Amino acid sequence: MTPSFSPLGIVHTVLSLLPVVFGAIALIRDGRIEPASRIGKAYLAGMLVSIFTSFGLSSTGGFNEAHALGIVALLALAVGFTARRYGWLGGGAEYLQNLSLSFSYMLLFIPAINETLRRVPPSRPLADGPQSPLVLGLVSVVFGLFVIGATYQALRLRARRRALPATA
């Protein structure tokens, strides 16, 4: 059975494309999502709208895994947008910020993969839910890309920090 579309579901889907685009622009342009930048602030706004509209949706009629994922994404955003404000984190704050915001970006793709594959093609969807092998496989690929990207960000940050004293 193909899931139905609701007006909120359509609005949520369209609005959820915003953080995907803003996150991609930030990652391509800057190698990370920088909270102080205009694109970083747009990413945050898009993520918040995406998450909060998702709370009004439920394929099960109540709290489900997607809602839990939204809460995890909110926590990742909170950590990512505040990590550098706390002095006790020292040099680890920027690493934590990058990791948290990249993790929040990765989380966007989990429901997107599941919902898309449950609806396409309309006559015979490619997957029947989050436990479908195709969904699990694609989520694994996205997680692998996250690990590669987070490692790249950490190495880039370390190289930048090592270069600072030499140029100062």
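As a convention, each chain's residues are numbered from 1 in the sequence order in which they are written. Under the rules for a predicted model, residues below a pLDDT of 70 receive no local features and side-chain atom pairs below 80 are neither given nor counted, while totals for whole chains, interfaces and linings still include all residues. Only heavy atoms go into the side-chain values, all of them from the structure, while hydrogens and water stay out.

**Comments concerning the overall build of the chain**
- Helix and strand assignments come from DSSP, with helices taken as H or I runs of at least 4 residues and strands as E runs of at least 2, each series counted from the N terminus. Along the chain, the regular secondary structure elements total 5 helices and 0 strands.
- With the C-alpha coordinates aligned to their principal axes, the bounding extent of the chain is approximately 65 × 25 × 25 Å.
- Of all 168 residues assigned to the chain, the portion counted as buried reaches 34%.
- Once local pairs closer than 6 in sequence are excluded, the contacts in the chain between residues at least 24 apart make up 62%.
- Per-residue and other accessible areas follow the Shrake-Rupley method at a 1.4 Å probe size, with only the shown protein chains counted as cover for residues. Entry remark: accessible area of the chain is about 10,000 Å², with carbon and sulfur atoms responsible for 71%.
- The sign given to each residue is positive for Lys and Arg and negative for Asp and Glu; His and the chain ends receive no count. Where a charge lies is defined by one atom per residue type: Lys uses NZ, Arg uses CZ, Asp uses CG and Glu uses CD. Computed over 14 positive and 6 negative side-chain charges, the separation of the two mean positions in the chain equals 10 Å. Summary of the burial criterion: residues with accessible area below 20% of their type's maximum are buried, those above 50% are exposed, and those between are partly exposed, where the area comes from a 1.4 Å probe applied to protein chains only. By definition, residues are in contact when any of their heavy atoms lie within 4.5 Å.

**Quick word on helix α1 (residues 7-30)**
- A helix is expected to span 1.5 Å multiplied by its residue count minus one. The terminal C-alpha atoms of α1 lie 35 Å apart, and with 24 residues this matches the ideal 34 Å at 1.5 Å per residue to within 8%.
- For α1, the complete set of buried residues consists of Gly9, His12, Ser16, Pro19, Gly23 and Ala26.
- Where α1 is buried, its residues contact α2 (38-54) and α4 (92-119).
- Residue Gly31 follows α1 closely and has a positive phi angle near 80 degrees.

**Side note on the side chain of Glu34**
- With respect to the helices and strands, Glu34 occurs in the loop between α1 and α2.
- Counting of polar contacts relies on pairs of N or O atoms within 3.5 Å, with two restrictions inside protein: one atom must be capable of donating a hydrogen and the other of accepting it, and residues adjacent in sequence are counted only when both atoms are side-chain atoms. Reaching out from Glu34, the side chain makes a polar contact with the side chain of Arg32 at a distance of 2.9 Å.
- When neighbours within four sequence positions are excluded, Glu34 is seen to be in contact with Gly40, Arg84 and Gln97.

**Some details on the layout of surface pockets**
- In the cavity and pocket records, a cavity denotes points on a 1 Å grid over the protein atoms alone where a 1.4 Å probe fits but cannot get out, a pocket denotes an open set with protein on both sides within 12 Å along at least 5 of 7 lines, and lining residues are residues with an atom within 4 Å of a point. Grid points are joined across faces, edges and corners, and a volume is the space filled by probe spheres set on the points. There is about 240 Å³ of room inside the second largest pocket.
- Among the elements of the structure, α4 and α5 (133-167) are those that each provide at least two residues to the lining of the second largest pocket.
- Counting residues per element, the lining of the second largest pocket draws most heavily on α5, which supplies 7 residues.
- Under the grouping applied here, Gly and all other residues not named as nonpolar or charged are polar, the nonpolar ones being Ala, Val, Leu, Ile, Met, Phe, Trp, Tyr, Cys and Pro and the charged ones Asp, Glu, Lys and Arg. Classifying every residue of the lining of the second largest pocket gives 9 nonpolar, 4 polar and no charged.

**Here's the deal with the packing of α1 against α2**
- Structural elements are reduced to axes, namely lines fitted to C-alpha atoms, with helices fitted over the stretch in contact, and the angle between N-to-C directions of any two is expressed from 0 to 180 degrees. At a minimum axis distance of 8 Å, the contact between α1 and α2 shows a crossing angle of 155 degrees. By the angle between their directions, the pair α1 and α2 is classed as roughly antiparallel. Considering only the axes of α1 and α2, their crossing is left-handed. On α2, the residues that touch Leu8, His12, Leu15, Ser16, Pro19, Phe22, Gly23, Ile25, Ala26, Arg29 and Asp30 of α1 are Ile39, Ala42, Tyr43, Gly46, Met47, Val49, Ser50, Thr53 and Ser54.
- Residues of the contact of α1 with α2, tallied by class, amount to 11 nonpolar, 7 polar and 2 charged. The cut-offs work like this: below 35 degrees is roughly parallel, past 145 is roughly antiparallel, 65 to 115 is roughly perpendicular, and the gaps in between are oblique. In a left-handed crossing the near helix is turned counterclockwise from the far helix by less than a right angle, and in a right-handed crossing that turn is clockwise.

**A look at the nonpolar core**
- Put simply, a nonpolar core is a bunch of buried Ala, Val, Leu, Ile, Met, Phe, Trp, Tyr and Cys residues held in one set by side-chain atoms that sit within 4.5 Å of each other. Counting residues in hydrophobic clusters, the biggest one holds 21 residues, and the most contacted among them are Ile33, Tyr43, Met47 and Leu77.
- Those elements that provide at least two residues to this core are α2, α3 (65-82), α4 and α5.
- With 7 residues, the single largest contributor to this core is α4.
- Setting aside residues no more than four positions away along its own chain, Ile33 makes contact with Gly23, Ala26, Leu27, Gly40, Tyr43, Leu101 and Tyr105.

**Comments concerning the side chain of Ser50**
- Within the fold, Ser50 resides in helix α2.
- The contact partners of Ser50, leaving out residues within four places of it in the chain, are His12, Ser16, Pro19 and Leu108.

**Notes on the pattern of salt bridges**
- For this analysis, a salt bridge means a side-chain nitrogen from Lys or Arg found within 4 Å of a carboxyl oxygen belonging to Asp or Glu. Following the criterion strictly, the structure yields 9 salt bridges and no others.
- Measuring nitrogen to oxygen at the nearest pair gives 3.0 Å for the salt bridge that ties Arg29 to Asp30.
- Look at Arg29 and you get exposed, because its relative accessible area is 52%.
- Since its relative accessible area comes to 25%, Asp30 is described here as partly exposed.
- For the salt bridge of Glu34 with Arg32, the shortest nitrogen-to-oxygen distance reads 2.9 Å. Across the pair, exposure class does not vary: Glu34 and Arg32 are buried alike.
- Here the salt bridges share partners, and the residues they tie into one network are Arg32, Glu34, Arg84, Glu94, Arg160 and Arg161.

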